[in-house]
Amino acid sequence: TEHHIGLLKAKIAKLKREQEADITKKSGMKQDGFDVRRSGDATVVFIGLPSVGKSTLLNKMTGANSTIGAFQFTTLTVVPGMMEYRGAKIQVLDLPGIIKGASTGKGLGKRILSVAEFSKRFDEPNIKNEEALDRPAHRKLLRKAAADGMVLLKNEGLLPLKKDIKKLAIIGPNAKEAQIIGGGSASLRPHYQIHPLEALQQRLGSETEILYSKGCHTHKYLPRINEKLMADTDGFLVEYFDGNNFNEELILEERLIGSKFWVFEGFAKDVISKEERPNISVKFSCEYTPDISGQHEFEIFGIGQCRLLINDKELIDNWNNRDPGEAFFTFGSASRRSIADFQKGKTYRIEMQYHFEGSFPAVYIGCRVPDEVDLFAEAIEAASNAEEVVLIVGTNSDWETEGNDRANFDLPANQNKLIEAILEANQNTALVINTGSPVNMPWANKANAIIQTWFAGQEFGNALFDILSGEVNPSGKLPTSFPKNIEDTPAYKSYPGTDLQMNYDEKLLVGYR
């Protein structure tokens, strides 16, 4: 990835210089190798175990002849060399390890090359750039796949929804903004997204009055600061300084939006690529004018030291006496929060100072603004006044992530309380569970209809309406067992192990049953 390429640039250049000097010393001749660059990112990377044919394949494709990428180099952790070919910057990298026969040139290169020739890889050297194709046929297929995967867990005569419904309440934290896809390695950028509230509004038409309420918040980490309320709607002014001083040795400045800033999404990659062991101070700042008065709760954490200032006065100290946290693959500090009392229409300067050393910068800043209404009371009122209710609950990428395990089996925040109250207010409630894994369902016996939707992709809203309306017969099956209690799971007695060691003590009971 670009991140790893940046980290290895200095080492690559050093290895190239050392080897060229060694070859020149032994042979008395200067060798022609690839042009190694200290800056810029590769667009094509040949990466693999030593002597699997990276240099051979590269030479075959480009017609180049590199002594720097010859077989005697493949026992190194990193094979030096970057070259430009047909507009592409090509880098050759080794994974750590040594293959038998590599030092004598009798590795696996010829086998890899034979596969490339057999697959006619060299017949069309002008490879087209990747492009996103947003086709009607693709949308139709995604919608069908989403609906086919949804599982009707329970239906006691409630679904499909009535055709002549006059007033429908759509309630829940995942109604307006559902979780359509997993995070991290499971994430892709959709062409567009249609969420349940929007889809139902579009498909039901003007004859049905829709009452909407979020009901409760479910964020594990506080939401991003609204850029529309910043003086510059392009987001934070982010300034990078060399060393420990926030006012000297400015390296770079840019504008960034969001709440989570880390190298895997491009944060600081141009800075860390210039040094072998960066020592960087970063300042995030903005002029913020709230549109509501009241207590604004702020949160910060990161890999490294961070603090938050409001109008140049420290509000949160996550710089001294940091505690370990679970964010950023457990490398981040524990979250620190504090409250600032803001007045509507008054401008405040928000500044976060962040310092990191090394190649994995990551920091988070969030803010929860006051609610204009009591979300819970609003939801109960909407449910009471509607003929039927679609209640959409679930998780989001804060809670279901590859970076750490879920702390418990329940839906996050106070969603169980919301579900119980809505079911009591209106028995004609179709409960939609938007999660990627099983959850505790203490209210299951009270609900007349329950649908498990999973993370259904960009057509989630349309697919859900297809199921609710009866246009599509729900035919999905569970890919895993849903335990009633966490104690029912085979791994309960042995999880999480001891001393970071987790054994599969459930033996044959592992997996789906």
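For the structure itself, consult the block above.
Predicted model, so just to flag it, every value in this text is computed and none were measured.

Caption draft 1: Structural context of the nonpolar core. Membership of the largest hydrophobic core comes to 43 residues, with the highest contact counts inside it found for Phe 267 and Phe 298. Look past the residues within four positions of Phe 267 in its chain and what remains in contact with it is Val 238, Tyr 240, Leu 256, Phe 261, Trp 262, Val 282, Phe 284, Tyr 354, Pro 361 and Val 363. Counting 27 residues, the second largest nonpolar core, distinct from the first, contains Ala 147, Leu 168, Ile 392 and Leu 468.

Caption draft 2: Representation of the sheet that holds strand β11 (residues 294-303). In spatial order, the strands read β9-β16-β11-β14; together these four strands make up an open sheet with antiparallel pairing. Two strands in the sheet have a free side with no partner beyond their single neighbour: β9 (260-262) and β14 (336-342). For this sheet, the mean angle separating the axes of adjacent strands, direction not counted, is 15°.

Caption draft 3: Structural view of the environment of Gly 149. With respect to the helices and strands, Gly 149 occurs in helix α4 (residues 136-149). The class for Gly 149 is partly exposed, based on a relative accessible area of 27%. Distance from Gly 149 to Gln 452, taken between C-alpha atoms, is 8.8 Å for residues 303 residues apart in sequence. When sequence neighbours within four positions are dropped, the list of residues in contact with Gly 149 reads Trp 454 and Gly 476.

Caption draft 4: Representation of a negative patch on the surface in the model. A cluster of acidic residues, Asp 291, Asp 371, Glu 372, Asp 374, Glu 378 and Glu 381, forms a negative patch on the protein surface. Position of Glu 378 relative to the elements: it lies in helix α7 (residues 375-385). What makes Glu 378 partly exposed here is its relative accessible area of 30%.

Caption draft 5: The arrangement of the packing of aromatic side chains in detail. Going through the model one piece at a time under the given rule, you end up with 24 aromatic pairs. Measuring from ring centre to ring centre gives 4.0 Å for Phe 342 and Tyr 348, while their planes differ by 15°; the resulting arrangement is stacked. The buried category is assigned to Phe 342, whose relative accessible area is 2%. Note on Tyr 354 and Phe 356: the rings are 5.6 Å apart at their centroids and 25° apart in plane angle, and the pair reads as stacked. When sorted by exposure, Tyr 354 lands in the same class as Phe 356, which is buried. Here the aromatic residues Tyr 221, Trp 262, Phe 264, Phe 301, Phe 328, Phe 329, Phe 331, Phe 360 and Tyr 364 are joined through ring pairs into a cluster of three or more. A cation over a ring is seen here: Arg 139 above Tyr 192, with NZ or CZ 4.0 Å from the ring centre.

Caption draft 6: Fine view of the sheet that holds strand β8 (residues 250-256). With respect to topology, six strands assemble into an open sheet ordered β8-β7-β10-β15-β12-β13, the strand pairing being antiparallel. Either end of the sheet is taken by a strand with one partner, and the two such strands are β8 and β13 (313-318). Taken pair by pair, the neighbouring strands of this sheet meet at an average axis angle of 20°, ignoring direction. Examined bridge by bridge, strand β7 (residues 236-242) and strand β10 (residues 279-288) share six bridges and lie antiparallel to one another.

Caption draft 7: A look at the pattern of salt bridges. Counted under the stated rule, the structure contains 21 salt bridges. Lys 167 is the partner of Glu 209 in a salt bridge, and the nearest nitrogen-oxygen pair spans 3.9 Å. Here the residue Glu 209 occupies a position in strand β6 (residues 209-213), and Lys 167 occupies one in strand β5 (residues 167-171), the gap between them amounting to 42 residues. Judged by its relative accessible area of 26%, Lys 167 falls in the partly exposed class.

Reading the values: rules and limits
- Residues numbered from 1 in each chain as written.
- Predicted model: local features only at pLDDT ≥ 70, side-chain atom pairs only at ≥ 80, totals over all residues.
- Heavy atoms only, no water.
- Core = buried A, V, L, I, M, F, W, Y, C linked by side-chain atoms within 4.5 Å.
- Buried < 20%, exposed > 50% of the residue type's maximum accessible area, 1.4 Å probe, protein only.
- Contact = heavy atoms within 4.5 Å.
- Pairing = 2+ DSSP bridges.
- Helix = DSSP H or I, 4+ residues; strand = E, 2+ residues; numbered from the N terminus.
- Axes fitted to C-alpha atoms, helices over the stretch in contact; angles between N-to-C directions.
- Patch = residues over 30% accessible without salt bridge, like charges linked within 9 Å, V, L, I, M, F, W, Y side chains within 5 Å.
- Areas by Shrake-Rupley, 256 points an atom, 1.4 Å probe, with all protein chains shown as cover.
- Salt bridge = Lys/Arg side-chain N within 4 Å of Asp/Glu carboxyl O.
- Lys, Arg positive; Asp, Glu negative; His and termini not counted.
- Charge placed at Lys NZ, Arg CZ, Asp CG, Glu CD.
- Phe/Tyr/Trp six-rings, centres within 6.5 Å; stacked < 30°, edge-to-face > 60°.
- Lys NZ or Arg CZ within 6 Å of the ring centre and 35° of its normal.

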